[in-house]
Amino acid sequence: KLLRFEENFLIRRVEGVITIVEELGDDLIERGLPRGKLAVVHNTLDIHEMDKIEIPDLKPQISDSSLKMVYVGSIGPHRGLETVIWGLKYLKEGGFNPKLYIVGDKLHLPELKEFVKKLGMSENVVFTGWLPFEMAMAYIKVADLCLLPAIRSPETERSFPNKMQQYMYFGKPIAAANVRSFRRLIEECKCGFLYDPNDPRFFYEQLIANIDNLNSMGKNGRLFLENKLNWEHSFQNLIKLYQKILGSKELMPRD
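Residues numbered from 1 in each chain as written. Predicted model: local features only at pLDDT ≥ 70, side-chain atom pairs only at ≥ 80, totals over all residues. Heavy atoms only, no water.

Trainee: Help me out: how do you make sense of the nonpolar core in this one?
Mentor: Most often, soluble globular proteins have nonpolar side chains that are buried together. In terms of nonpolar packing, the biggest core is built from 67 residues, with Met 69, Leu 100, Leu 147, Met 168, Ile 174 and Phe 203 touching the most fellow members. Of all hydrophobic cores here, the second largest spans seven residues; its members include Ile 11, Val 17, Leu 28 and Ile 29. (Core = buried A, V, L, I, M, F, W, Y, C linked by side-chain atoms within 4.5 Å. Buried < 20%, exposed > 50% of the residue type's maximum accessible area, 1.4 Å probe, protein only.)

Printed below as a string of structure tokens:
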């Protein structure tokens, strides 16, 4: 409570505040931050830098006819991967051949592996462990669907994960937990579908309902990344805030 009081005191007196997501900025405005002192600067992906990376080709290794899903990132209880894995069980029982590649590592990994085993989904869930960046991107490149799971919390409701942009870069559709910040982006760019993070059955139903639209969703995400969600657009808000604070109209970023 003391830290919250201190933060409320400061946001009314600072010259500027930078956030990486609109939802956090909105919360600060509600708490007293003047709107003109806020700059939302997304932690955006640099498309040109991504273009320079040599991505390995995994197609010869992963060439089966399964519905390939990929999650890239840390593994913890806050990720809500259990909901997705349970949803895959419904897919399997419905006659599909789903396969989920979990690319990442963290302390929660043994518990998640045990959950997969008890659910009888060991043949459908592959844990790659930690991988170099290029190899992690290679898994995204061969995916049919990429996952953005989460449980509802103050942090996830106001988060902006890098993996979302990486998914968009490769033109992949996204299945995202229906939390505040994910919902805004998914609805704005039409690059995927939302599911209830507490309802595995709903994940399954949403996937079935949208399975014919996955390719177009992936294309929408790539276009959104190229035209809006990239550093060339994000830095403009930062420059405007600096101009306001420094009183300069000639402030521009260097190459």
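Trainee: Which parts of the structure should I look at to understand the packing of aromatic side chains?
Mentor: Each aromatic ring pair is described using two quantities: the centre-to-centre distance and the angle formed by the ring planes. Under the counting rule described, the total for this entry stands at seven aromatic pairs. Measuring from ring centre to ring centre gives 4.9 Å for Tyr 169 and Phe 170, while their planes differ by 90°; the resulting arrangement is edge-to-face. On the numbers, 6.2 Å between centres and 45° between planes, the contact of Trp 231 with Phe 235 is tilted. Of the two residues, Trp 231 and Phe 235 both sit in helix α11 (residues 231–246), four residues apart, roughly one turn of that helix. Three or more aromatic residues joined by ring pairs form one cluster here, namely Phe 193, Tyr 195 and Phe 203. Note that Arg 13 overlies the ring of Phe 9, its terminal NZ or CZ placed 3.8 Å from the centroid. The residue whose ring lies beneath Arg 201 is Tyr 90, and the NZ or CZ to ring-centre distance is 4.8 Å. (Phe/Tyr/Trp six-rings, centres within 6.5 Å; stacked < 30°, edge-to-face > 60°. Helix = DSSP H or I, 4+ residues; strand = E, 2+ residues; numbered from the N terminus. Lys NZ or Arg CZ within 6 Å of the ring centre and 35° of its normal.)

Trainee: Is there a simple way to think about the pairing of strand β6 (residues 145–148) in this case?
Mentor: A regular strand places its side chains so that they alternate between the two faces of the sheet. Residues Leu 145 and Leu 147 point to one face of β6 and Cys 146 and Leu 148 to the other, with burial holding for every one of them. Strand direction decides the pairing type here: strand β3 (residues 67–72) and β6, joined by two bridges, are parallel. From the neighbouring strand, Met 69 faces β6, where its bridge partner is Leu 145. Looking at chain direction, β6 and strand β7 (residues 174–177) are connected through three bridges and run parallel. Along β7, the bridge assignment pairs Cys 146 with Ile 174. Running through helix α7 (residues 162–169), the crossover from β6 to the neighbouring parallel element β7 is right-handed. (Pairing = 2+ DSSP bridges. Right-handed = clockwise from strand over helix to strand, strands pointing away.)

The analysis is restricted to geometry; functional conclusions fall outside its scope.
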